[in-house]
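Letter by letter, the chains look like this.
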Amino acid sequence: MVGFKFFTKMKKIKSIVTGGAGFIGSNLVDRLVKEGHTVIVLDNFVSGKRSNLSHHLKKNVKIIRSDISNIKNIDKYFRDVSYVFHLAGLAEIIPSIKNPKKYFLNNTLGTLNILEAAKKAKIKKFIYAASSSCYGSPKKIPTSETEKIDTQHPYAFTKFLGEEAVIKYADFFKMPNISCRFFNVYGPRLNTTGQYGAVFSNFLTQKKKKRPLTIVGNGKQTRDFIHVDDLTNAFIKLARSNLKNKIYNLGSGKETSINKIANIIGGKKIFIPKRPGDPNRSCANISKIKNDIKWKPRISIIQGIERLFQS
Ligand code: UDP
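Residues numbered from 1 in each chain as written. Predicted model: local features only at pLDDT ≥ 70, side-chain atom pairs only at ≥ 80, totals over all residues. Heavy atoms only, no water.

## Remarks on helix 4 (residues 154-173)
So, point 1. Taking 1.5 Å as the rise per residue, helix 4 with 20 residues should run 28 Å; its terminal C-alpha atoms sit 28 Å apart, in good agreement.
So, point 2. Downstream of helix 4 by a residue or two, K174 has a phi angle that is positive, lying close to 55°. (Helix = DSSP H or I, 4+ residues; strand = E, 2+ residues; numbered from the N terminus. Expected span 1.5 Å × (residues − 1).)

Have a look at this one:
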């Protein structure tokens, strides 16, 4: 008898990451590839960079230049896709006040476009990157998901409308959607080129150029900083879970002042005027996500800063 062998190739899990060339997106792509997924990245390369993904092989990561606000013929990319991680969108508050319509097109209409494509493809899970800015200056700290919504600028409003669409689609069409309200995410590949830099982006550049760290106001204001590796861990767990139609805070659950960060980094400081609408305190209550997926943040702010400034 002639011997023969069967070569059965395991079909790889396919995921889409919108905004996959950006800071958080590219870290998520790394993690998904590690988990054995093939990833399709949809990115318009306005703030994302090809260099963030250049270490990946073409067979693992397919990069498509496309703008989610004006997307044609995208359905073909969603064929056989199991997971959609929708991270694309415009960030930064001040430009959103100057050009609110652009933010509506990207953050709200863009989200609808991706939801529609995901709905047609009958994907397994849709995870949306929402923003903790929906709470404005919350009364209760740590803030839980049930806190009053108080969007104070077009960026917060358009991201929140995106979330509403994600949750309504879960309701109307029984889609497996989850929205995660990001607190302050930091880690490798943080965008350091934006005009209105996030605190870690500015401090990284300033430290590199041996300039003083710019402290806004008196530096006593606090934020909840979550390391991007903790965040991508939560995403993987949420994707694998049976949960749907849920909203989760995604933060570290710890409050850290800007002064504390500047002291950990060390060096000279200068104080600059307070930004309009800059909340004094921000901290996530993360009990819900901790209970539902048995996740917890593992990287302390000190470890995270050490990693960031070594890389
Ligand atoms: N901040 C600062 N120095 C900077 C940039 C920001 O002290 O160079 C402060 C900022 O005023 C805010 C906090 O750091 O109170 C976090 O700012 P970021 O823009 O990173 O996040 P967000 O305000 O959106 O939470």
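## Comments concerning the site of the ligand
So, point 1. Around the ligand sit 14 residues in total, of which V199, N202, T214, R223 and D278 are the nearest.
So, point 2. Taking N184, its side chain carries an N or O atom lying 2.9 Å from an oxygen atom of the ligand.
So, point 3. Backbone polar atom of T214 to a nitrogen atom of the ligand: 2.6 Å apart, as the coordinates give it.
So, point 4. Notes on the ligand: free accessible area 520 Å², of which the protein chains cover 86%.
So, point 5. Of all the secondary-structure elements, those providing two or more residues to the shell around the ligand are helix 5 (199-208) and strand 8 (213-216).
So, point 6. Per-class residue counts for the shell around the ligand are 6 nonpolar, 5 polar and 3 charged. (Near = heavy atom within 4 Å. Polar contact = N/O pair within 3.5 Å; in protein donor to acceptor, adjacent residues only side chain to side chain. Areas by Shrake-Rupley, 256 points an atom, 1.4 Å probe, with all protein chains shown as cover. Nonpolar A, V, L, I, M, F, W, Y, C, P; charged D, E, K, R; others polar.)

## Section: the packing of helix 1 (residues 23-34) against helix 6 (residues 228-240)
A pair of packed helices can be characterised by two numbers: the angle between their axes and the separation between those axes.
So, point 1. At a minimum axis separation of 10 Å, helix 1 and helix 6 run at an interaxial angle of 60°. With respect to their mutual orientation, helix 1 and helix 6 come out oblique. In the crossing of helix 1 with helix 6, the sense of the turn from one axis to the other is right-handed. Residue-level inspection shows F23, I24, N27, L28, R31 and L32 of helix 1 in contact with helix 6, the latter providing V228, D229, L231, T232, N233, F235 and I236.
So, point 2. Partitioning the contact of helix 1 with helix 6 into residue classes produces 8 nonpolar, 3 polar and 2 charged. (Axes fitted to C-alpha atoms, helices over the stretch in contact; angles between N-to-C directions. Parallel < 35°, antiparallel > 145°, perpendicular 65-115°, else oblique. Left-handed = near helix turned anticlockwise from the far one by under 90°. Contact = heavy atoms within 4.5 Å.)

## Overview of the pairing of strand 8
So, point 1. Here strand 8 shows two buried faces, one formed by L213 and I215 and the other by T214 and V216.
So, point 2. As judged from the 4 bridges shared by strand 8 and strand 13 (residues 269-272), these two strands associate in the parallel manner. Its bridge partner being in strand 13, I215 is matched across the sheet by F271. (Buried < 20%, exposed > 50% of the residue type's maximum accessible area, 1.4 Å probe, protein only. Pairing = 2+ DSSP bridges.)

## A few points about the environment of K120
So, point 1. Locating K120 in the fold gives a position in helix 3 (residues 100-121).
So, point 2. Classification of K120 as exposed rests on a relative accessible area of 53%.
So, point 3. C-alpha of K120 to C-alpha of D75: the two residues are 45 residues apart in sequence and 7.9 Å apart in space.

## As for unusual backbone geometry
Outside of glycine, negative phi angles account for most residues, and trans bonds account for most peptide bonds.
So, point 1. The omega angle of the peptide bond from I141 to P142 is -10°, so this bond is cis rather than trans.
So, point 2. Even without being glycine, D80 reaches a positive phi, approximately 65°.
So, point 3. With phi around 50°, K122 is a residue other than glycine that occupies positive phi space.
So, point 4. Here K122 shows up in the loop between helix 3 and strand 5 (125-131).

## What to know about the environment of K102
So, point 1. Among the structural elements, K102 can be located in helix 3.
So, point 2. Separated by 58 residues in sequence, K102 and N44 place their C-alpha atoms 14 Å apart.

## Concerning the packing of helix 5 against helix 7 (residues 258-265)
So, point 1. Put simply, helix 5 and helix 7 touch, their axes get as near as 12 Å, and they point 30° apart. Taken as axis vectors, helix 5 and helix 7 run roughly parallel relative to one another. For the crossing formed where helix 5 meets helix 7, the hand is right-handed. Between helix 5 and helix 7, the contacting residues are V199, F200, F203 and K207 on the first element and I258, I261, A262 and I265 on the second.

## Quick word on the pattern of salt bridges
So, point 1. For the structure on display, the rule yields 9 salt bridges.
So, point 2. Put simply, D278 and R223 hold a salt bridge, and the shortest N to O gap is 2.5 Å. Placement of the pair is D278 in the loop between strand 13 and helix 8 (287-293) and R223 in strand 9 (residues 222-223), with a sequence separation of 55 residues.
So, point 3. Residue class for R223 comes out buried when judged on its relative accessible area of 12%. (Salt bridge = Lys/Arg side-chain N within 4 Å of Asp/Glu carboxyl O.)

## A short note on the side chain of S201
So, point 1. By the secondary structure assignment, S201 is in helix 5.
So, point 2. According to the relative accessible area criterion, S201 is buried, its value standing at 2%.
So, point 3. For S201, the contacting residues outside a window of four places in its chain are L190, N191 and T192.

## What about the packing of aromatic side chains?
So, point 1. All chains considered together, the criterion is met by 10 aromatic pairs.
So, point 2. Measuring from centroid to centroid gives 4.8 Å for Y169 and F173, while their planes differ by 70°, and the two rings are edge-to-face. With Y169 and F173 both in helix 4, this residue pair falls 4 residues apart, about one helical turn.
So, point 3. Since its relative accessible area comes to 10%, Y169 is described here as buried. (Phe/Tyr/Trp six-rings, centres within 6.5 Å; stacked < 30°, edge-to-face > 60°.)

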